[in-house]
Amino acid sequence: MNERINSNLQNKMTILIRHARKEDWFAIKALVYRAGLNPISLKWHRFIVAECDGKIVGARQIKILRDGTREVASGVVSPSYRRQGISRKMMETLLAKEKEPLYLMCDKKWSSYYQQFGFYEEPLHQLPSSFLCEYRAMSFIYRIASRLILGEKLSMVTMKRTP
């Protein structure tokens with residue numbers, strides 16, 4: 001799977017969407033850490049990446065939880081490459097192969113973005129136990145971090161997509 005998209009970047013650069021390779025690992029981790037995303041359970045072979053001129057500029061993974069629940073996670077695009085359709089293309093690429101239900105957690109302000117891909121808000125009592133545990137841990141950390149760092153309270157939601 002290698003898909004090229006032409007971006008709207010000033011120099012008309014081409015973005016390649018492909019499966020991650022082992023040598024992409026440090027770039028993937030750097031993107032995830034810089035974006036302040038959950039660094040737990042990062043495994044390079046689960047990622048797809050967006051590459052521009054040999055540089056990894058975006059990444060996204062499907063994380064598989066202990067009971068087999070599949071979670072869309074770690075979606076990030078480098079700030080200077082945002083608003084070029086890269087995140088959307090990575091999401092479409094991941095979803096094209098998925099035949100099982102998918103879950104994700106995000107800040108409420110992003111829920112409408114994920115709705116365009118068929119995700120809808122899922123009540124906590126209907127979540128698989130492994131995803132619920134992950135959500136509870138991350139929402140606690142997220143609430144504390146958002147207040148300390150941003151000085152505001154952000155709200156996480158859980159979402160589901162059924163193919």
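Remember, predicted model here, so these are calculated numbers, not experimental data. (Residues numbered from 1 in each chain as written. Predicted model: local features only at pLDDT ≥ 70, side-chain atom pairs only at ≥ 80, totals over all residues. Heavy atoms only, no water.)

J.: Any chance you could explain the overall build of the protein chain here in plain terms?
T.: Across its full length, the protein chain holds four helices and eight strands. Listed by position from the N terminus, the elements making up the protein chain come as β-β-α-β-β-β-α-β-α-β-α-β. Out of the 163 residues belonging to the protein chain, those deemed buried represent 48%. In the structure as shown, the protein chain presents an accessible area of about 9300 Å², 52% of it carried by carbon and sulfur atoms. (Helix = DSSP H or I, 4+ residues; strand = E, 2+ residues; numbered from the N terminus. Buried < 20%, exposed > 50% of the residue type's maximum accessible area, 1.4 Å probe, protein only. Areas by Shrake-Rupley, 256 points an atom, 1.4 Å probe, with all protein chains shown as cover.)

J.: How should the pattern of salt bridges be read in this particular structure?
T.: As a working rule, side chains carrying opposite charge can pair if their charged atoms are close by. A full pass over the atoms with the stated rule returns nine salt bridges. Between Arg21 and Glu51 there is a salt bridge; the shortest N-O distance is 4.0 Å. Here Arg21, found in the loop between β2 (14-19) and α1 (25-34), pairs with Glu51, found in strand β3 (residues 47-52); they are 30 residues apart in sequence, far enough to count as distant. A relative accessible area of 38% means that Arg21 is categorised as partly exposed. (Salt bridge = Lys/Arg side-chain N within 4 Å of Asp/Glu carboxyl O.)

J.: What is the right way to read the side chain of Asp107 from this model?
T.: Along the polypeptide, Asp107 turns up in strand β6 (residues 102-107). In this structure Asp107 is buried but unpaired, with Lys109 as the nearest side chain of opposite charge at 5.3 Å. One polar contact links the side chain of Asp107 to the main-chain amide nitrogen of Lys109, over a distance of 2.9 Å. (Lys, Arg positive; Asp, Glu negative; His and termini not counted. Polar contact = N/O pair within 3.5 Å; in protein donor to acceptor, adjacent residues only side chain to side chain.)

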